[in-house]
Amino acid sequence: MKPDDPLLKILACPLDKGPLHLLPEEAGQEEARREEALYNPRLRRRYPIVDGIPQLLPSSGEQVPDDEHEELLKRMSP
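Within any chain, residue numbers begin from 1 and follow the written order of that chain's sequence. At least 70 in pLDDT is required for a residue's local features to be given in this predicted model, at least 80 for side-chain atom pairs to be given and counted, and no such filter applies to totals for whole chains, interfaces and linings, which use all residues. For side-chain calculations, the full set of non-hydrogen atoms in the structure is used, while hydrogens and water are omitted.

*Asks:* What am I meant to see in the overall build of the chain here?
*Replies:* Counting from the N terminus, the helices are DSSP H or I runs at least four residues long and the strands are E runs at least two residues long. For the chain, the count of helices and strands is three helices and five strands. Reading the chain from its N end, one meets helices and strands in the order α-β-α-β-β-β-β-α. Burial here depends on accessible area, computed with a 1.4 Å probe over protein chains only, as a share of the maximum for the residue type. Under 20% is buried, over 50% is exposed, and the range in between is partly exposed. Counting every position in the chain, which comprises 78 residues, the buried fraction comes to 32%. By definition in these notes, contact holds between two residues if any of their heavy atoms fall within 4.5 Å. Considering only contacts in the chain between residues 6 or more positions apart, those separated by 24 or more positions represent 38%. Of the roughly 5100 Å² that the chain leaves accessible, carbon and sulfur atoms contribute 54%. Areas reported here follow the Shrake-Rupley algorithm with a probe of radius 1.4 Å; residue values treat only the protein chains shown as occluding.

*Asks:* Looking at this structure, I do not really get the pairing of strand 2 (residues 37-40). What am I missing?
*Replies:* On a regular strand, each side chain points to the face opposite its neighbour's, so the side chains alternate between the two faces of the sheet. In strand 2, alternate side chains face the same way, and those of A37 and Y39 on one face and L38 and N40 on the other are all buried. By the convention used here, strands pair only if DSSP detects at least 2 bridges between them. Pairing between strand 1 (residues 21-23) and strand 2: three bridges, direction antiparallel. Its bridge partner lying in strand 2, L23 is registered against A37. Where strand 2 lies against strand 3 (residues 45-50), four bridges are found, and the strand directions are antiparallel. In the sheet register, A37 faces strand 3, and the bridge partner there is P48. With antiparallel pairing between neighbouring strands as the criterion, strand 2 and strand 3 make up a hairpin whose turn holds four residues, including R44 at a positive phi of roughly 55°.

*Asks:* Is there a simple way to think about the pairing of strand 3 in this case?
*Replies:* Relative to strand 5 (residues 62-63), strand 3 runs antiparallel, the two being bridged by two bridges. Across the sheet, residue R45 finds its bridge partner in strand 5, namely Q63.

In structure tokens:
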């Protein structure tokens, strides 16, 4: 998924219905952090993107610990 993908404007968190932020794939980090994902900073939940398809079922999201949340906020900042 690309940052300018129009789909990102209409995708919403299945729990709070708010916007999600794209976390691009990154090399050199542990496996869970390296994969492309959508992130909800309000609920601190990350939803995986598998083969280009966002997995947006509530059960697909994983809770992010405090230290990782701070790291993800830095990645989201321009």
